[in-house]
Amino acid sequence: MSEAQRRLLLERIRDVPDHPKPGVVFKDITPLLADPVALAVVTDTLAAICRRHGATKVAGLEARGFILAAPAAVRAGIGFIPVRKAGKLPGATLGQSYELEYGTAEIELHAEDLGPSDRVLVIDDVLATGGTAEASLRLIRRTGADIAGLAVLMELGFLAGRERLDPALGTAPLEVLLSI
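What you see is a predicted model; the values in this text were computed from it and never measured. (Residues numbered from 1 in each chain as written. Predicted model: local features only at pLDDT ≥ 70, side-chain atom pairs only at ≥ 80, totals over all residues. Heavy atoms only, no water.)

Some remarks on the overall build of the protein
Part 1 of the argument: Within the protein, the regular secondary structure consists of six helices and nine strands.
Part 2 of the argument: Relative to a compact globule of 180 residues, whose C-alpha radius of gyration would be 16 Å, the protein shows 16 Å and is just as compact.
Part 3 of the argument: Each principal axis of the C-alpha distribution contributes one length, and for the protein these read about 40 × 40 × 30 Å.
Part 4 of the argument: Taken across its 180 residues, the protein has 46% of its residues classed as buried.
Part 5 of the argument: Of the contacts made within the protein by residues no fewer than 6 positions apart, 64% connect residues no fewer than 24 positions apart.
Part 6 of the argument: About 8,600 Å² of surface is accessible on the protein, with carbon and sulfur atoms providing 54% of the total.
Part 7 of the argument: One way to put it: in the protein the 20 positive side-chain charges average out to a point 3 Å from where the 23 negative ones average out. (Helix = DSSP H or I, 4+ residues; strand = E, 2+ residues; numbered from the N terminus. Rg over C-alpha atoms; globule rule 2.2 N^0.38 Å. Buried < 20%, exposed > 50% of the residue type's maximum accessible area, 1.4 Å probe, protein only. Contact = heavy atoms within 4.5 Å. Areas by Shrake-Rupley, 256 points an atom, 1.4 Å probe, with all protein chains shown as cover. Lys, Arg positive; Asp, Glu negative; His and termini not counted. Charge placed at Lys NZ, Arg CZ, Asp CG, Glu CD.)

Laid out in structure tokens, this is it:
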């Protein structure tokens, strides 16, 4: 991605102060999604990452990860796997719980959609504290699939999510389009 493309993406991410609670500055990607040029840059870049790392499937993390992962999978010519909050998928699922700052959460996927021959690139919009991404990597490995890597639109470096992810990533790469 060129420097001009990075600037375009940064210009299309809006800061929303005090959302969802006072003191938090929410990074809103809806202006980026509304701009077809910016969205194409993200889609093309993520599809190129899929190809570079030999991914056979893309896993998108609920909910904004779906928006980025599905078109990247289509562009790369590979399948898309939704990783959802517990109770949202029909049929048999495989789940992974993880710790939040105040409590726990669980994510799920349809285990039959992945197998030992798959290399999965996990895509999300933001790497913050790393909890959901870490849980998704562990969950995907439990299916027998290999991790091709993790790609995020932006990393909020001040929250140190990268350090939390290191053990779960192992030798798989972390690809960050924008560092904030």
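Some remarks on the nonpolar core
Part 1 of the argument: Counting residues in each nonpolar core, the largest one holds 30 residues, and the members touching the most others are L9, V42, L46, L121, I123 and L153.
Part 2 of the argument: Where this core is concerned, the elements lending two or more residues are α1 (3–11), α3 (36–52), α4 (64–76), β7 (119–127), β8 (146–155) and β9 (174–179).
Part 3 of the argument: Counting residues per element, this core draws most heavily on α3, at seven residues.
Part 4 of the argument: For L153, the residues in contact, after removing those within four places along its chain, are L9, I13, I29, L32, V42, L68, D124, D125, L177 and L178.
Part 5 of the argument: With 27 residues, the next largest nonpolar core counts V83, L139, A168 and L169 among its residues. (Core = buried A, V, L, I, M, F, W, Y, C linked by side-chain atoms within 4.5 Å.)

Observations regarding the layout of surface pockets
Rolling a probe over the atoms, with the probe sized like a water molecule, indicates the empty space that remains.
Part 1 of the argument: The computed volume of the largest pocket comes to approximately 1,200 Å³.
Part 2 of the argument: By residue number, the principal contributor to the lining of the largest pocket is β7, which donates four residues.
Part 3 of the argument: Residue composition of the lining of the largest pocket, grouped by class: 21 nonpolar, six polar and 11 charged. (1 Å grid on protein atoms, 1.4 Å probe; cavity = no way out; pocket = protein on both sides within 12 Å on 5 of 7 lines; lining within 4 Å. Points joined across faces, edges and corners; volume = space filled by probe spheres on them. Nonpolar A, V, L, I, M, F, W, Y, C, P; charged D, E, K, R; others polar.)

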